[in-house]
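A look at the structure
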Amino acid sequence: MDDDEQPENDGPREDENPGEGEGRDAERRELGVLVGRILSEELATVEGDAAEGEGAAERRRRLRELVGALGASARSAGLRGVAAGRWLSETFAEEVAPRVPIRDHATLVRHHGGLDGEELADALQRTAVRATTAVGMAGGALSAVQWAAPPLLLATPARLAAETMLVAAVEVKLIGELHELYDAPVTADSGLRRNAGYLGAWVHRRGVDPTKPEETLLLAVGAAAKTALRDRLLRLLGRNLTTLGPYLTGAAAGGVVNRLATGALAARVRADLRAQSITRGEAPGELES
């Protein structure tokens, strides 16, 4: 039987108070709002070139806040749902990804002082790489504290989930805004479905072809898509294990791994979108600096 069809211990039970299920849903919604706020604050810190010490301290504070909220939500979800990755993937797909703000082409140009084309794509990529690098380093710095105080290691799973959600949210935002920049936006009847298309692009590490809406739909919905999302998030969570090294070795490793992975993802999606622009008959120079 497929994992998505198996009964889960974290679902409603006959002996469960009806309010408990509603409480879990409310916790997930609050998590989505919190991740969205932290994402905006993180990108503002990176784009604003805050002083290193000030930015790092604020980043660790935000990460600790998210760790606490994720820990509470995971306990409510139940051990089986958390261990199987269902809680992580459902929370991200249903509450986090829909709240990732995606700016359109005109807004991107305005927010970057008139930059456009490949220069603007470079700027978006740099910002995302700096953000995921900083998240990895902040997680490693928290690990350094945990190694000095072993009881805090109990919070490690929630911290890894926090890093995973933040890095994934940054990368989904990057992919969405690259599609807008290359004039290949996902067209949908709602922002929720539009972001689902960008989430599908993140899962498969590719650009979405706007001339094939049925392909976008397959990337975004269905049991296979849910399984692919869960696997992608669990691989990302495994990658974040590099931040668990003692002292500050984890901070360095987490920063490097995230920088390389986000840069590679951006390069692949940009290559897809450039190829699509040529196929649509646009002049190659239209997106060059």
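Conventions we followed
- Residues numbered from 1 in each chain as written.
- Predicted model: local features only at pLDDT ≥ 70, side-chain atom pairs only at ≥ 80, totals over all residues.
- Heavy atoms only, no water.
- pLDDT = per-residue confidence, 0-100.
- Helix = DSSP H or I, 4+ residues; strand = E, 2+ residues; numbered from the N terminus.
- Contact = heavy atoms within 4.5 Å.
- Phe/Tyr/Trp six-rings, centres within 6.5 Å; stacked < 30°, edge-to-face > 60°.
- Buried < 20%, exposed > 50% of the residue type's maximum accessible area, 1.4 Å probe, protein only.
- Salt bridge = Lys/Arg side-chain N within 4 Å of Asp/Glu carboxyl O.

1. Quick word on the confidence of the model for the protein chain
- The pLDDT averaged across the protein chain works out to 75; a share of 67% of its residues lies at or above 70.
- Per-element confidence in the protein chain ranges from a low mean pLDDT of 55 for helix α9 (residues 213-220) to a high of 95 for helix α5 (residues 105-111).
- Long-range and interchain partners of residues 141-155, a stretch whose pLDDT sits below 50, account for 24 contacts in this model, where long-range means more than four residues apart.
- Segment residues 246-250: pLDDT under 50, and eleven contacts once partners within four positions in sequence are set aside and those in other chains are kept.

2. What about the packing of aromatic side chains?
- Scanning the entire structure with this criterion turns up one aromatic pair.
- Seen in terms of ring centroids, Phe92 and Trp202 are 6.1 Å apart; in terms of plane orientation they differ by 40°. Their pairing is tilted. Residue Phe92 is found in helix α4 (residues 86-96), and its partner Trp202 is found in helix α8 (residues 191-204); the two are separated by 110 residues along the sequence. Trp202 shares its class with Phe92; the two are buried.

3. Here's the deal with the pattern of salt bridges
- All chains considered together, the criterion is met by twelve salt bridges.
- Close ionic contact of Glu65 with Arg61 constitutes a salt bridge, the shortest N to O distance being 3.6 Å. Here Arg61 and Glu65 lie together in helix α2 (residues 52-77), a separation of four residues that amounts to about one turn.
- The class for Glu65 is partly exposed, based on a relative accessible area of 30%.
- With relative accessibility at 34%, the residue Arg61 sits in the partly exposed group.
- A salt bridge links Glu177 to Arg103; the nearest nitrogen and oxygen atoms lie 2.9 Å apart. Of this pair, Glu177 sits in helix α7 (residues 156-181) while Arg103 sits in the loop between α4 and α5, placing them 74 residues apart in sequence. Each member of the pair, Glu177 as well as Arg103, is classed as buried.

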